[in-house]
Amino acid sequence: MLRIRATMSKHVLVINGANLNLLGKREPEIYGTQTLADIEADLRQQADAAGARVTFVQSNSEAVLIDTIQHHGLLAERDALIDAVIINPAAFTHTSVALRDALLAVDKPFVEVHLSNIHRREPFRHHSYFSDKALAVICGLGAQGYQAALAFLLQQFDQNV
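Cut-offs used in this document
Residues numbered from 1 in each chain as written. Predicted model: local features only at pLDDT ≥ 70, side-chain atom pairs only at ≥ 80, totals over all residues. Heavy atoms only, no water. UniProt positions renumbered as here; feature names shortened; annotations may be inferred. Helix = DSSP H or I, 4+ residues; strand = E, 2+ residues; numbered from the N terminus. Expected span 1.5 Å × (residues − 1). Buried < 20%, exposed > 50% of the residue type's maximum accessible area, 1.4 Å probe, protein only. Pairing = 2+ DSSP bridges. Axes fitted to C-alpha atoms, helices over the stretch in contact; angles between N-to-C directions.

- In the annotation of an unreviewed UniProt entry, the protein chain is listed under the name 3-dehydroquinate dehydratase and assigned to Faucicola atlantae.
- Heading Catalytic activity (unreviewed entry) of the UniProt record for the protein chain holds this comment: "3-dehydroquinate = 3-dehydroshikimate + H2O".

Concerning helix 5 (residues 144–159)
Part 1: With 16 residues, helix 5 should reach 22 Å at 1.5 Å per residue; the first-to-last C-alpha distance of 23 Å fits that figure.
Part 2: Those residues of helix 5 that fall on the buried side of the exposure criterion are Gly 145, Tyr 146, Ala 149, Leu 150, Leu 153, Leu 154, Gln 156 and Phe 157.

As for the sheet that holds strand 1 (residues 11–16)
The pairing of strands in a sheet comes from backbone hydrogen bonds and takes either a parallel or an antiparallel form.
Part 1: The strand order across the open sheet built from 5 strands is 2-1-3-4-5, with neighbouring strands paired in parallel fashion. One side of each edge strand has no neighbouring strand; the edge strands of this open sheet are strand 2 (53–58) and strand 5 (136–139). Strand after strand, the sheet turns through a mean of 15 degrees between neighbouring axes, direction not considered.

Remarks on the UniProt feature "site: Transition state stabilizer" (unreviewed entry) in the protein chain
Part 1: Mapped onto the present numbering, the UniProt feature "site: Transition state stabilizer" (unreviewed entry) falls on Arg 26.
Part 2: Residue position: Arg 26 is located in the loop between strand 1 and helix 1 (28–31).
Part 3: Residue Arg 26 is classed as partly exposed on the basis of its relative accessible area of 24%.

What follows is the structure, given as structure tokens:
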């Protein structure tokens, strides 16, 4: 299991997969009415209050997400390197071995987040390529799941300093 390493930067990369750019418009009965910009603003405020940094990326392209993980996990300048990841892989949850491999390659702890409870949905949504490697999995809390994930990671940072 990946553990949070002691660090001064507390930099979290928040990754959102396919179709999450449509939050607030797409199936609000399942995903809620908050937009992705609303969720990002709430997380930025939460991170600022804790002296942490968050970097956000959303893409419908698996390749963009992989490149972003590699860049911020290994290849960036020191101040752009991340310490942990919050990821809502969306549909990639059930399909992307490549995205899973990118997370494992950078060796950063991550929390898997889903707005809906994927276990109450169609059977094909019950399997995740990420859950067995995630530090934690949060599903069914709507937008609050992101805040719970960040709070958990911030607590882990504080316990390991």
